[in-house]
Number of protein chains: 2
Amino acid sequence: MPLKIYIDFELSPELLERLKEGASEHELIFPKKPASVLSLGALEPSFYEADVVFGQPISSEVEKAESLKWIHVSSSGITRYDTPEFRASMKKRGTFVSNSAHVYDEACADHALSFMLAQSRKLPQALVCNTPNGSVEWNRLRQGSVPLKGQKAIIVGFGAIGRQLNKLLAPFEMEITAYRRTPRGNEGIPIVSEATLPSALSQADHVINILPDSAATQNFFNAERFKQFKPGAVFYNIGRGTTVDQASLIDALDVNQVSEAWLDVTVPEPLDESHPLWKHPRCFITPHTAGGFNNETRACVEHFLENLKRFTAGDTLDNRVI
Amino acid sequence: MPLKIYIDFELSPELLERLKEGASEHELIFPKKPASVLSLGALEPSFYEADVVFGQPISSEVEKAESLKWIHVSSSGITRYDTPEFRASMKKRGTFVSNSAHVYDEACADHALSFMLAQSRKLPQALVCNTPNGSVEWNRLRQGSVPLKGQKAIIVGFGAIGRQLNKLLAPFEMEITAYRRTPRGNEGIPIVSEATLPSALSQADHVINILPDSAATQNFFNAERFKQFKPGAVFYNIGRGTTVDQASLIDALDVNQVSEAWLDVTVPEPLDESHPLWKHPRCFITPHTAGGFNNETRACVEHFLENLKRFTAGDTLDNRVI
């Protein structure tokens, strides 16, 4: 049976064709005005008659659109929909919600490894240094480079990105563990529990935070947690800014409890240029670009079409979150 | 039989102890004044009675030291010893020459991958950008990130560093080929010949130059070679600066035949701040730090001691170059 699919997502002519072709059995609705969270205001009437939405519709309007059976969110983050009330409301109605997390997994893992290697090879310092071979600064750069090989890393928040990062790190022969709230037993690396996390942190040279944003992860990395670190550990955040108490991170950097911080996410984004983390000589920040890549919109469309097949076949949706 | 080993290498007290312990069967000679190429002038008489030298002795003095049976060079580069005359002279005398290449292989491969990932993730641009999510510059950064996965790379000069880099790249599922003057048949990846190199270059998204310095590699990457590149390819050099005609590289960058150049080596080192490559917005340079790492001196000593065992046992030396 054809579905009414409301496309709340700006597309190039080429990708529009691909979407139309991939969903040719269905009725696609393209609003003149996007229904996304970014543009508030009354939505077009067709929204309230749709079976499926692909995009980032406003959660309050989703609750009013009683015909909706499935919402495929075109981003990885679902903070806007991640409230007990919204979850309960969708569950009661039997409306599925999926996100586009898998689209960004590999680019996020690449970004995490680029941070780890740039740190190990001291790229930020080396790329601005043109002192002669043999000079004091040159020796400092060379001898400040600590190979990843043989070092200990802990991945905090072990989902698809963590698994991919673990795969990329395999040739480096690091000792890798992960923290996961609900271990599945199929992680392929040692998983530490809440109880053993402090001990694992005290041994890790690299702490890679990939926690999602949720009530349970707010300020997960706080003053107490940073005190559990091995002195001089390197901290990375490619999860969400809200999982870090930034004031405590600054304190930890200042006393060298954390030797370097590499952050792709902060609160707010971006940080002001006067923010102590932005100015800190041992804090390196990219502006939430970790998931991005040249073909991300195409990959989003393909991911949606794959899930559309699953939805119509009654199969389990990929990245279903509600 | 104990050997007289001339140590032309500055060591910390700890590493000195390690060397003495590891070479306890032999007589170690520590000159008051180093015999290295860095300090010209008359050497101490003991140099001319030594069986073995560990360091970077002046080649002209080596030729006079007729008792020398083996020289272990404490660097990876052997340009100073790599002349037909010196080679012939050592061969005639039966003096072995080995270098410390393997000490630096892994750090060089790490450095090459750090370049490739920093390029892929646009780190130099992203680390100085604090524009908001969704802004034009932010979108440019995200969509300018081209994943390594599925792209083609060619490693030009395929020795131990190339092999290690190939190992690190395995999880990225790139299509990797290599150019090697004398293929051994055990490379584990497709090897292209001089004849097929232009065709291979025309398809490569990433050209990684790890050629050593020799008469045959001078300006290997010249105007003609850069014209063989796939337009917009990324060029990396972690071999030797002399293998690149820098004026032609600048031209290739200017017309975007090479979209980015990532260089750890140049001629001269360092480049002057006014040099067009140093100032070029798409050229990224580290000051010959690729082989360096925190434990390199220790690793050098261990590598020498391992080779000393081989030498006394009559086994093949590691990294023997003459």
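Everything that follows concerns the structure shown earlier in this document.
Below or above, wherever it landed, is the structure these notes cover. It should be emphasised that the depicted structure is a prediction, and the values quoted were computed from it without experimental measurement.

1. Quick notes on the relation of the copies chain B and chain A
(1) Moving on: Here chain B sits on chain A after a turn of 180° about the axis and a move of 0.0 Å along it, with an RMSD of 0.1 Å. What the rotation and shift describe, once combined, is the action of a two-fold rotation axis. Scanning chain B for the C-alpha nearest the rotation axis identifies S114 of chain B, at a separation of 3.2 Å.
(2) Moving on: A share of 100% of interface residues in chain B that are also interface residues in chain A marks the association as one of identical surfaces.

2. Describing the interface of chain B and chain A
(1) Moving on: Contact with chain B, which involves 54 residues of that partner, is made by 54 residues of chain A.
(2) Moving on: Both faces combined, the contact of chain B with chain A buries some 4,500 Å², and carbon together with sulfur accounts for 57% of it.
(3) Moving on: For the pair chain B and chain A, the interface holds 6 salt bridges.
(4) Moving on: Here E106 of chain A and K149 of chain B are joined by a salt bridge, their closest N and O atoms 2.9 Å apart.
(5) Moving on: Linking chain B with chain A are 26 residue pairs in polar contact (both at pLDDT 80 or more).
(6) Moving on: Listed by contribution, the elements that provide at least two residues to the side of chain B that touches chain A are α4 (101–120), α5 (123–126), α6 (136–144), α7 (160–169), β12 (283–285) and α12 (296–313) of chain B.
(7) Moving on: A class-by-class count of the residues in the side of chain B that touches chain A yields 29 nonpolar, 14 polar and 11 charged.

3. Observations concerning the sheet that holds strand β4 (residues 70–73) of chain B
Residue and element names in this part refer to chain B.
(1) Moving on: Within the open sheet, the 5 strands sit side by side as β2-β1-β3-β4-β5. Their pairing is parallel. Two strands lie at the open edges of the sheet, namely β2 (27–29) and β5 (96–98), each paired on one side alone. Ignoring strand direction, the axes of neighbouring strands in this sheet form an average angle of 15°.
(2) Moving on: Bridge count between strand β1 (residues 4–8) and strand β3 (residues 52–55): 4 bridges; the pairing is parallel. Residue pairing in the sheet places I7 in a bridge with F54 of β3.

4. Brief notes about the pattern of salt bridges
Side chains bearing opposite charge may pair, as long as their charged atoms lie close to each other.
(1) Moving on: Applying the stated criterion across every chain, the model contains 30 salt bridges over all chains.
(2) Moving on: Via salt bridges that share partners, E106 and K167 of chain A together with K149 and E173 of chain B belong to a single interconnected network.

5. Topic: the packing of aromatic side chains
(1) Moving on: Inspection of every chain in the model, using the stated rule, returns 36 aromatic pairs over all chains.
(2) Moving on: Ring centres 5.4 Å apart and planes at 20° place the aromatic pair W70 of chain A and F304 of chain A in the stacked group. Of the two residues, W70 of chain A sits in strand β4 (residues 70–73) while F304 of chain A sits in helix α12 (residues 296–313), which places them 234 residues apart along the sequence. Across the pair, exposure class does not vary: W70 of chain A and F304 of chain A are buried alike.
(3) Moving on: Relative to F235 of chain B, the ring of F226 of chain B has its centre 5.4 Å away and its plane inclined at 90°; by these criteria the two rings are edge-to-face. Residue F226 of chain B shares its accessibility class with F235 of chain B, and that shared class is buried.

Procedures and definitions
Residues numbered from 1 in each chain as written. Chains lettered and ligands numbered in written order. Predicted model: local features only at pLDDT ≥ 70, side-chain atom pairs only at ≥ 80, totals over all residues. Heavy atoms only, no water. Least-squares fit on C-alpha atoms with pLDDT ≥ 70 in both. Contact = heavy atoms within 4.5 Å. Buried area = accessible area lost by both parts, 1.4 Å probe. Salt bridge = Lys/Arg side-chain N within 4 Å of Asp/Glu carboxyl O. Polar contact = N/O pair within 3.5 Å; in protein donor to acceptor, adjacent residues only side chain to side chain. Helix = DSSP H or I, 4+ residues; strand = E, 2+ residues; numbered from the N terminus. Nonpolar A, V, L, I, M, F, W, Y, C, P; charged D, E, K, R; others polar. Pairing = 2+ DSSP bridges. Axes fitted to C-alpha atoms, helices over the stretch in contact; angles between N-to-C directions. Phe/Tyr/Trp six-rings, centres within 6.5 Å; stacked < 30°, edge-to-face > 60°. Buried < 20%, exposed > 50% of the residue type's maximum accessible area, 1.4 Å probe, protein only.

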